[in-house]
Amino acid sequence: MVKFLDLQSQYQLIKTEIDEAIATVISESAYIGGKYVKKFEEEFSQYCNTAYCIGVANGTDALEIAIEALDLPKGSEIIVPANSFIASSEAVTRTGHRVIFADVTPDSYILDVSDVAKRITKKTSAIVAVHLYGHPCDMDPLKELASIHGLKIIEDCAQAHGAEYKGKRVGSLGDIATFSFYPGKNLGAYGDAGAITTNNAELAEKSRMIANHGRIAKYDHEFEGRNSRLDGLQAAILSVKLKHLDAWTGKRIAAANDYLENMKEIGEIILPVRQEWAKQVYHLFVVRCVNRNELAEYLKEHGVQTGVHYPVALPKLKAYSYLGQSEDRLFANESDGMLLSLPIGEHLSQEDTLKVVKLIKKYFDV
Ligand SMILES: *Cc1c(COP(=O)(O)O)cnc(C)c1O
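What this report covers is the structure whose coordinates are included nearby.

The rules we used
- Residues numbered from 1 in each chain as written.
- Predicted model: local features only at pLDDT ≥ 70, side-chain atom pairs only at ≥ 80, totals over all residues.
- Heavy atoms only, no water.
- Buried < 20%, exposed > 50% of the residue type's maximum accessible area, 1.4 Å probe, protein only.
- Helix = DSSP H or I, 4+ residues; strand = E, 2+ residues; numbered from the N terminus.
- Pairing = 2+ DSSP bridges.
- Near = heavy atom within 4 Å.
- Polar contact = N/O pair within 3.5 Å; in protein donor to acceptor, adjacent residues only side chain to side chain.
- Areas by Shrake-Rupley, 256 points an atom, 1.4 Å probe, with all protein chains shown as cover.
- Salt bridge = Lys/Arg side-chain N within 4 Å of Asp/Glu carboxyl O.
- Phe/Tyr/Trp six-rings, centres within 6.5 Å; stacked < 30°, edge-to-face > 60°.
- Lys NZ or Arg CZ within 6 Å of the ring centre and 35° of its normal.
- Axes fitted to C-alpha atoms, helices over the stretch in contact; angles between N-to-C directions.
- Contact = heavy atoms within 4.5 Å.

So, the pairing of strand β1 (residues 52-56)
So, step 1. Burial analysis of β1 places 4 of its 5 residues in the buried class, which makes it a mostly covered element.
So, step 2. Judged from the 5 bridges that link them, β1 and strand β9 (residues 194-198) form a sheet pairing that is antiparallel. Within β9, the residue paired with Tyr52 across the bridge is Thr198.

Here's the deal with the site of the ligand
So, step 1. What surrounds the ligand is a group of 13 residues, the closest being Gly59, Thr60, Asp156, Ser180 and Lys185.
So, step 2. Contact distances for the ligand include 2.8 Å between a nitrogen atom and a side-chain N or O atom of Asp156.
So, step 3. In the model, an oxygen atom of the ligand is placed 2.9 Å from a nitrogen or oxygen of the Gln159 side chain.
So, step 4. Contact with the protein chains removes 92% of the 380 Å² of surface that the ligand exposes when unbound.
So, step 5. Where the shell around the ligand is concerned, the elements lending two or more residues are α3 (59-70) and α4 (87-94).

Side note on the pattern of salt bridges
So, step 1. Taken as a whole and assessed by the stated rule, the structure comprises 18 salt bridges.
So, step 2. The closest approach of N and O atoms between Lys38 and Glu42, which form a salt bridge, is 3.3 Å. Of the two residues, Lys38 and Glu42 both sit in helix α2 (residues 35-48), 4 residues apart, roughly one turn of that helix.
So, step 3. Residue class for Glu42 comes out partly exposed when judged on its relative accessible area of 45%.
So, step 4. Residues joined in a network through salt bridges with shared partners are Asp61, Glu64 and Arg226.

What to know about the sheet that holds strand β6 (residues 164-165)
So, step 1. What the 3 strands build is an open sheet, ordered β7-β6-β10; its pairing is antiparallel. With partners counted over all chains shown, the strands left at the sheet margins are β7 (168-169) and β10 (278-279), one partner each.
So, step 2. Sheet analysis places β6 next to β10, joined by 2 bridges and oriented antiparallel. Bridged to Tyr165 within β10 is Ala278.

So, the packing of aromatic side chains
So, step 1. Counted according to the given criterion, the structure contains 16 aromatic pairs.
So, step 2. Note on Tyr165 and Trp277: the rings are 5.0 Å apart at their centroids and 70° apart in plane angle, and the pair reads as edge-to-face. With Tyr165 in strand β6 and Trp277 in the loop between α8 (232-262) and β10, this residue pair connects regions lying 112 residues apart in the sequence.
So, step 3. Ring pairing ties together the aromatic residues Phe40, Phe44, Tyr47, Phe179 and Phe181, which thus form one cluster.
So, step 4. Over the ring of Tyr47 we find Arg169, and its NZ or CZ is 4.1 Å from the ring centre.

What about the sheet that holds strand β3 (residues 98-102)?
So, step 1. Strand order in the open sheet formed by 7 strands is β1-β9-β8-β5-β4-β2-β3, with mixed pairing between adjacent strands. Two strands lie at the open edges of the sheet, namely β1 and β3, each paired on one side alone. Neighbouring strand axes in the sheet, compared pairwise and without regard to direction, differ in orientation by 25° on average.
So, step 2. On the sheet, α2 packs against β1, β8 (176-180) and β9 and is oriented at approximately 130° with respect to β1.
So, step 3. Contacting β1, β2 (77-81), β4 (124-130), β5 (152-156), β8 and β9, α3 runs over the sheet at an angle of about 165° to β8.

Written out as structure tokens, the structure reads:
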């Protein structure tokens, strides 16, 4: 059996450290706020090479809070990639803005900068740069566009912990950035958790206040905010796992390299491209092929779990029919039926990846 995700085997690798961390938080009743949250925030901002990190309850909250902190004109347009998880666009609408979908590239599935440029209007205020599947967006041309038109950049790093653009860590590349620590993400908590990173002191303070009922001191509420907390148990767990993240990322990259190296000769499979300026952390390894569902079924029958990210491009979802972008001639709109995510993660051995390759070769008679 080749599993898509194996949180149990990962826990077994670090059981002693995790159990001790959990027991410590409980023995100190350090559930909300406190030193373990502060410690993880410090460690993670150091990891991302940013001045600030604010722990929040999940990656969706992180996006909503980050957009709100930017204080963009009410009802402005924010550009979001047409292929992502709905949280990337949901946060735009939830904070009172209008979603405008831009296409992604057919090689690396990241924002297509030339398509973004075409969608900028006088009402555009920001771009959500999703580092999808763990591959960083092409930030230099995006930042140039943003600076010409006075736009803000929100990095959605939910799938890209530790990814790098030209040697610089994601989370430090735009105005503000958001992370999810959903259990299945590259760095995952044992429940929901998220974070915001930035180098901007004002945005950091504003985000922290929004996440904490609009206050800094106990009952000194300067405006109405909300409650969105990273809790002590999750923070302590994340501190343990952060120490292992680079080694685990190394295993993801090794598995991806096995796939890339050994599937070249399968004409029916279109492999993802890692740009030469990218350190991709392979949250997902997504290929394209015509008979996606049949291949997935064949792999399942032979003990290999796969996934689809995402089965319906965002503009085609019922939730976005009001935008009228479902018929746009976008690569994202036309390729969603071909995407297939192969197993990837720190739990895979080379034997596993080669088993997957062998099965796919057999399926296509290569
Ligand atoms: C997982 C994910 C989110 C949302 O994170 P949650 O912690 O589940 O709220 C946002 N954006 C992307 C791209 C994601 O993959």
